[in-house]
Every structure is written in C-alpha cells, then in structure tokens.
Amino acid sequence: MAHKVLLEGGPHDLPERIVAVETPGEDVKIPHLGGYEHFTETERRQDTAEGTLRVYEWWERTEIAE
C-alpha cells in the first residue's frame, strides 16, 4: 500500500510536491531534468489538502548514468 508524503526543498520546478511512497522511511528518488532529486524522511509532519503528511527533505541531486 502506498503512502503519500510531502517533498520539501530541492528544485522549485518539480512537477509534484506530494508523492506516493511504497515503503515509509526509505529515501525517495525523483527523476527530474536528466538526474534524480533525493529526499530523506524527517520527523516533521505538515497539514496539506490531502491530510497530514510526513515531510521528506531534499538532500542531494545525482545525474543519470548513461
């Protein structure tokens, strides 16, 4: 069952800030403009239009290997 989380930080032009994760607690990797934006779980929660969600904070970008 997927759980929704809120992404905070990183590029301003990410298409989604609320995403589904299969396993809560694991880092989230979002493909974006030829690379990946990585987000890690925090202890914080935030009220959103989709309920109170766990906040995941941006921590790095990696390039897609070719």
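Looking at an unreviewed UniProt entry, the protein carries the name DUF5988 family protein, with the source organism given as Streptomyces flavochromogenes.

The next subject is the pattern of salt bridges. The tally for this structure, following the rule as stated, stands at 7 salt bridges. One salt bridge in this structure joins Glu8 and Arg44, with 2.7 Å as the shortest N-O distance. Here Glu8 is found in strand β1 (residues 3-8), whereas its partner Arg44 is found in strand β4 (residues 35-48), with 36 residues between them in sequence. Arg44 sits in the partly exposed class, given a relative accessible area of 36%. Glu57 is paired through a salt bridge with Arg44; the nearest N and O atoms lie 3.5 Å apart. Of this pair, Glu57 sits in strand β5 (residues 51-63) while Arg44 sits in strand β4, and the two are 13 residues apart along the sequence. Because the salt bridges share partners, they merge into one network encompassing Glu8, Arg44 and Glu57.

Before going further, it helps to spend a moment on the packing of aromatic side chains. For the structure on display, the rule yields 0 aromatic pairs. In this structure, Lys29 packs its charged tip against the face of Tyr36, placed 4.3 Å from the ring centre.

Parameters at a glance
Residues numbered from 1 in each chain as written. Predicted model: local features only at pLDDT ≥ 70, side-chain atom pairs only at ≥ 80, totals over all residues. Heavy atoms only, no water. Salt bridge = Lys/Arg side-chain N within 4 Å of Asp/Glu carboxyl O. Helix = DSSP H or I, 4+ residues; strand = E, 2+ residues; numbered from the N terminus. Buried < 20%, exposed > 50% of the residue type's maximum accessible area, 1.4 Å probe, protein only. Phe/Tyr/Trp six-rings, centres within 6.5 Å; stacked < 30°, edge-to-face > 60°. Lys NZ or Arg CZ within 6 Å of the ring centre and 35° of its normal.

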